[in-house]
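What follows is the residue order along each chain.
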Amino acid sequence: MTNPQWTAVDHYFTETIAPADEALTAALADSTAAGLPEIAVAPNQGKLLHLLASVQGARNVLEIGTLGGYSTIWLARALPADGRLITLEYSPAHADVARANIARAGLDKIVEVRTGAALDTLPQLETEGAGPFDLVFIDADKINNARYVAWALKLSRPGTVIVVDNVVREGRVATPHPDDPAITGTREMFDLIAAEPRLDATALQTVGTKGYDGLLLARVTG
């Protein structure tokens, strides 16, 4: 579901306060040329991630779902020179595109792209002692949203911010859809967060170039 006015407003926001640059434009263009699905965050959403990481004073960031590295670039640009961002991508082909985009943006020294199913690589991060992460951005397969949030909590500290994208699903999240695993997985995530005393959360509906969707923000309290 899209609306020309939503798109026009998003474009206005992008042109005035979240303008693209060569690295960001090239990351989107090369992702499209490589056949990646055009599901990266919108520019103003990327800027929101950047600001959240900046306000958080993040030094150690985890991203679950890399795609072509567009959101990765926005997040990594908020980190200090000695910061670190680990991003997990299921598809080796997508990961190769992301690595090239990240290197062109000059961020390959602080960003590591790991390939494989996130539910396999997340336990490896725990074993390595890679956390705690200051911010976790989750934008991967929605059926596993609850599991990803559970892992984000394991790899967090009090004060960690967790952001989950695409949680509204054009409003369908409000009612059960047993034939749609993305909605089932997202509703399981909301149930988990509602029952988890260590998480303080809210969710927002959004409209724009990406249609009608939304995001969840949670803060680890203990």
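Cut-offs applied
Residues numbered from 1 in each chain as written. Predicted model: local features only at pLDDT ≥ 70, side-chain atom pairs only at ≥ 80, totals over all residues. Heavy atoms only, no water. Helix = DSSP H or I, 4+ residues; strand = E, 2+ residues; numbered from the N terminus. Rg over C-alpha atoms; globule rule 2.2 N^0.38 Å. Buried < 20%, exposed > 50% of the residue type's maximum accessible area, 1.4 Å probe, protein only. Areas by Shrake-Rupley, 256 points an atom, 1.4 Å probe, with all protein chains shown as cover. Lys, Arg positive; Asp, Glu negative; His and termini not counted. Charge placed at Lys NZ, Arg CZ, Asp CG, Glu CD. Salt bridge = Lys/Arg side-chain N within 4 Å of Asp/Glu carboxyl O. Pairing = 2+ DSSP bridges. Axes fitted to C-alpha atoms, helices over the stretch in contact; angles between N-to-C directions. Patch = residues over 30% accessible without salt bridge, like charges linked within 9 Å, V, L, I, M, F, W, Y side chains within 5 Å. Expected span 1.5 Å × (residues − 1). Arc of directions from axis to C-beta. Contact = heavy atoms within 4.5 Å. Core = buried A, V, L, I, M, F, W, Y, C linked by side-chain atoms within 4.5 Å. Nonpolar A, V, L, I, M, F, W, Y, C, P; charged D, E, K, R; others polar.

**A few points about the overall build of the chain**
Then, number 1: On a plain count of helices and strands, the chain comes out with 8 helices and 7 strands.
Then, number 2: In terms of C-alpha radius of gyration, the chain reaches 16 Å, essentially the compact-globule figure of 17 Å for 222 residues.
Then, number 3: Looking at the chain as a whole, 49% of its 222 residues qualify as buried.
Then, number 4: Within the structure as shown, the chain displays about 10300 Å² of accessible surface, and the carbon and sulfur contribution to it stands at 56%.
Then, number 5: Charge separation in the chain, taken as the distance between the mean sites of 18 positive and 27 negative side-chain charges, equals 5 Å.

**Details of the pattern of salt bridges**
Then, number 1: Scanning the entire structure with this criterion turns up 11 salt bridges.
Then, number 2: Across the pair Lys109 and Asp108 runs a salt bridge whose closest N-O atoms are separated by 3.8 Å.
Then, number 3: You can call Lys109 exposed: its relative accessible area is 75%.
Then, number 4: Here Arg114 makes a salt bridge to Glu128, at a shortest N to O gap of 2.8 Å.

**Let's talk about the sheet that holds strand S1 (residues 60–64)**
One key point about sheets: their strands pair by backbone hydrogen bonds, in either a parallel or an antiparallel sense.
Then, number 1: Read across the sheet, 7 strands follow the order S3-S2-S1-S4-S5-S7-S6 without closing on themselves; strand pairing throughout is mixed. Where the open sheet ends on each side, the last strands, each with one partner, are strand S3 (111–115) and strand S6 (199–208). Between one strand axis and the next, the sheet turns by 15° as a mean value, whatever way the strands run.
Then, number 2: In this structure, S1 lies alongside strand S4 (residues 135–138), joined through 4 bridges in parallel fashion. When the bridges of S4 are listed, Glu63 appears paired with Phe137.

**Considering a nonpolar patch on the surface**
Then, number 1: A contiguous nonpolar patch, built from Val9, Tyr12, Phe13 and Ile17 and spanning about 390 Å² of accessible area, is present on the exposed surface.
Then, number 2: Locating Tyr12 in the fold gives a position in helix H1 (residues 4–17).

**Side note on the environment of Gly106**
Then, number 1: Mapped onto the secondary structure, Gly106 falls in the loop between helix H5 (92–104) and S3.
Then, number 2: When its relative accessible area of 52% is taken as the criterion, Gly106 is described as exposed.

**Side note on helix H3 (residues 43–56)**
Then, number 1: With 14 residues, H3 extends 20 Å from end C-alpha to end C-alpha; this agrees with the ideal 20 Å at 1.5 Å per step.
Then, number 2: When H3 is considered as a whole, its buried residues turn out to be Gly46, Leu49, His50 and Ala53. Each buried residue of H3 lies within a common arc of 100° when the element is viewed along its axis, so the set occupies one face.
Then, number 3: For H3, the secondary structure elements touched by its buried residues are helix H4 (70–76), S4 and strand S5 (161–165).
Then, number 4: Phi turns positive one or two residues past the end of H3, at Gly57, with a value near 65°.

**Description of the nonpolar core**
Then, number 1: Membership of the largest hydrophobic core comes to 32 residues, with the highest contact counts inside it found for Leu75, Leu107 and Val111.
Then, number 2: The biggest single contributor to this core is H4, with 5 residues.
Then, number 3: Sequence-distant contacts of Val111, defined by excluding residues within four places in its chain, comprise Thr72, Ala76, Leu85, Thr87 and Ile102.
Then, number 4: In terms of nonpolar packing, the next biggest core, distinct from the first, is built from 29 residues, Val167, Val168, Tyr212 and Val220 among them.

**Considering the side chain of Thr66**
Then, number 1: With respect to the helices and strands, the residue Thr66 is situated in the loop between S1 and H4.
Then, number 2: Judged by relative accessible area, which is 2%, Thr66 ranks as buried.

**Notes on the packing of helix H7 (residues 145–154) against helix H8 (residues 181–195)**
Then, number 1: Between H7 and H8, the least distance of the axes is 7 Å, while the angle of their chain directions is 35°. For the pair H7 and H8, contact is made by Asn145, Ala146, Val149 and Ala150 and by Gly185, Thr186, Glu188, Met189, Leu192 and Ile193, respectively.
Then, number 2: Among the residues making up the contact of H7 with H8, the classes are represented as 6 nonpolar, 3 polar and 1 charged.

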